[in-house]
Amino acid sequence: MKLKIAIQKSGRLYDDSVKLLKDCGIDLKNGVNKLRTESDNFPMEIYFLRDDDIPQYVEDAVADIGIVGENVLYENCKQVDIVEHLGFGKCRLSVAVGRGEQYTDVTYLQGKRIATTYPTLVRQFLAKNKVEADIHEISGSVEIAPGIGLANAIVDLVSSGSTLFMNGLKEVETVLQSQAVLVRNKNLSDEQQTILDKFLFRIRAVKRARNTKYILLNAPNDKLKDIIALLPGMKSPTVLPLAEAGWSSVHSVLNENDFWDIIERLKDAGAQGILVVPIEKMII
Ligand code: ATP
Ligand code: ZN
């Protein structure tokens, strides 16, 4: 008996998914075609699929478990269980409008045309905010829609915001904060569940053991929101006013794996005087 896991074939979740398996001590056989492989030292079979297909495959028990972004999972509304948040693939689904627009609140969107690849999540967001707008579903390059007159606003995934910036857009609302999650078929056998429990035990140990650093930085107050959004894993970092008016000191913890990437983005977002210090003990 082997547990079948579906992971993204290539793309933003691929490297971290493979690394998670590796860090859990699950070696993958090399040289097999990239549709399916298995492990020599753990009862697991690995399927490489498009991320959009993973929830359906897990619901249908073609795969027993899968790794997928919450954005894809919630958009597809499939019947699977989330068993663990994995802490990578972090991004947010956001509303963006032209940089020159006077945006005050969601009522701006009333009667407007919104381009997105996430119609279900956008519909829910609009209903929750009691706004009626025309959702225009497109399959890619959503960020160019306002520039070519196809839409007044977009809802798309954002991590650094640089794509929005390059297209003359600004982020105005967050629809969903997303990260990769481990999902499971609802009807696993006892034997499958036992293997999953072993895997989960390892995942949790890996997550705890991954090096965490303490970060301190100075931020202009008008950039605080962007900077805080880049800091992973912490719902609310410590923010203290600096003696110099208009500036704050932000303290948080950073996962070492994301470290260089995030430091660069923090700098781009306006952070200064970044200090990174090791944490000796972390009591959880
Ligand atoms: P596939 O070929 O598997 O359909 P894709 O092009 O749909 O791939 P990717 O761009 O590789 O998907 O993104 C996969 C997932 O990575 C997203 O669904 C999301 O959960 C996550 N992600 C993290 N950051 C970002 C980002 N900045 N932009 C898009 N997706 C991101
Ligand atoms: Zn996809």
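Heads up: the structure comes first, above all this text.
Residues numbered from 1 in each chain as written. Chains lettered and ligands numbered in written order. Predicted model: local features only at pLDDT ≥ 70, side-chain atom pairs only at ≥ 80, totals over all residues. Heavy atoms only, no water.

### Description of the coordination of the zinc ion (ligand 2)
Then, number 1: With distances of 2.0 to 2.1 Å, the protein atoms coordinating the zinc ion (ligand 2) are Asp51 (OD) and Asp52 (OD).
Then, number 2: Classification of the site at the zinc ion (ligand 2) as irregular follows from its four donor atoms and the range of 73 to 172° in their angles at the metal.
Then, number 3: On the accessibility criterion, Asp52 (36% relative accessible area) is partly exposed. (Donors = N, O, S within 2.8 Å, 3.2 Å for Na, K, Ca; no water. Tetrahedral: all angles 85-135°; square planar, octahedral: opposite > 155°, others 65-115°. Buried < 20%, exposed > 50% of the residue type's maximum accessible area, 1.4 Å probe, protein only.)

### Some thoughts on the sheet that holds strand S6 (residues 91-98)
Sheet strands pair via backbone hydrogen bonds, and the direction of the pair is either parallel or antiparallel.
Then, number 1: Pairing is mixed in the open sheet, where five strands are placed in the order S8-S7-S9-S6-S10. Single-partner strands in this sheet number two, and they are strand S8 (134-137) and strand S10 (169-178). On average, adjacent strands in this sheet sit at an angle of 30° to one another, irrespective of strand direction.
Then, number 2: Across three bridges, the pairing between strand S7 (residues 113-116) and strand S9 (residues 153-158) is parallel. The residue of S9 that forms the bridge with Ala115 is Ile154. (Pairing = 2+ DSSP bridges. Helix = DSSP H or I, 4+ residues; strand = E, 2+ residues; numbered from the N terminus. Axes fitted to C-alpha atoms, helices over the stretch in contact; angles between N-to-C directions.)

### Some points on helix H1 (residues 14-23)
An α-helical segment advances 3.6 residues per turn. Residues three or four places apart therefore align on the same side.
Then, number 1: Every buried residue belonging to H1 is among Ser17, Leu20 and Leu21, and all of these are buried. Across the axial projection of H1, the buried residues extend over an arc of 95°, all falling on one side. The exposed set on the far side of H1, more than 90 degrees from its buried face, consists of Asp15 and Lys22.
Then, number 2: Two residues or fewer after H1 comes Gly25, characterised by a positive phi angle close to 75°. (Arc of directions from axis to C-beta.)

### So, the site of ligand 1
Then, number 1: The full set close to ligand 1 counts 16 residues, and Arg12, Arg50, Asp52, Asn71 and Ser159 are the nearest of them.
Then, number 2: Within the side chain of Asp52, a nitrogen or oxygen atom sits 2.7 Å from an oxygen atom of ligand 1.
Then, number 3: At a separation of 2.7 Å, a nitrogen atom of ligand 1 approaches a polar side-chain atom of Ser159.
Then, number 4: Taking 630 Å² as the accessible area of ligand 1 by itself, protein coverage stands at 76%.
Then, number 5: Per-class residue counts for the shell around ligand 1 are four nonpolar, seven polar and five charged.
Then, number 6: Here the shell around ligand 1 spans two domains, and each of domain 1 (3-89 + 179-209) and domain 2 (91-178) adds at least three residues to it. (Near = heavy atom within 4 Å. Polar contact = N/O pair within 3.5 Å; in protein donor to acceptor, adjacent residues only side chain to side chain. Areas by Shrake-Rupley, 256 points an atom, 1.4 Å probe, with all protein chains shown as cover. Nonpolar A, V, L, I, M, F, W, Y, C, P; charged D, E, K, R; others polar. Domains from an automatic or database assignment.)

### A closer look at the side chain of Glu70
Then, number 1: Take Glu70: it is sitting in helix H3 (residues 70-76).
Then, number 2: No salt bridge is formed by the buried Glu70; the nearest opposite charge belongs to Lys90, separated by 8.7 Å.
Then, number 3: In terms of polar contacts, Glu70 uses its side chain to reach the backbone amide nitrogen of Gln179, at 2.9 Å.
Then, number 4: Beyond its immediate stretch of four places on either side in the chain, Glu70 contacts His85, Leu176, Gln177, Ser178, Gln179 and Val181. (Lys, Arg positive; Asp, Glu negative; His and termini not counted. Salt bridge = Lys/Arg side-chain N within 4 Å of Asp/Glu carboxyl O. Contact = heavy atoms within 4.5 Å.)

### Details of the pairing of strand S12 (residues 212-220)
Then, number 1: Across nine bridges, S12 lies against strand S14 (residues 247-255) in antiparallel orientation. Bridging across to S14, Asn218 finds its partner in Ser249.
Then, number 2: Direction of pairing for S12 relative to strand S15 (residues 272-278): antiparallel, over a ladder of five bridges. Paired with Asn218 across the strands is Gln272, a residue of S15.

### As for the pattern of salt bridges
Proximity of charged atoms lets side chains of opposite charge pair with each other.
Then, number 1: Scanning the entire structure with this criterion turns up 13 salt bridges.
Then, number 2: One salt bridge connects Arg36 with Glu38, and the closest N-O pair in it is separated by 3.6 Å.
Then, number 3: Judged by relative accessible area, which is 30%, Arg36 ranks as partly exposed.
Then, number 4: As a salt-bridge pair, Asp81 and Lys186 come within 2.6 Å of each other at their nearest N and O atoms. Here Lys186 lies in the loop between strand S11 (180-184) and helix H6 (190-209) and Asp81 lies in strand S5 (residues 81-85), a separation of 105 residues in the sequence.
Then, number 5: A relative accessible area of 41% places Lys186 in the partly exposed class.
Then, number 6: Where salt bridges share partners, they join Lys29, Arg36, Glu38, Asp40 and Glu45 into one cluster.

### Overview of unusual backbone geometry
Then, number 1: A positive phi is found at Cys77, a non-glycine position, where the angle reads about 50°.
Then, number 2: On the basis of relative accessibility, which here comes to 45%, the residue Cys77 falls in the partly exposed class.

### Description of the state of the cysteines
Then, number 1: Per the counting criterion, the structure on display carries zero disulfides.
Then, number 2: With no disulfide of its own, Cys77 lies 17 Å from the sulfur of Cys91, the closest cysteine sulfur.
Then, number 3: Given a relative accessible area of 16%, Cys91 falls into the buried group. (Disulfide = S-S within 2.5 Å.)

### Description of the environment of Pro241
Then, number 1: With respect to the helices and strands, the residue Pro241 is situated in strand S13 (residues 238-241).
Then, number 2: Beyond its immediate chain neighbours, meaning those up to four positions away, Pro241 contacts Trp247 and Ser248.

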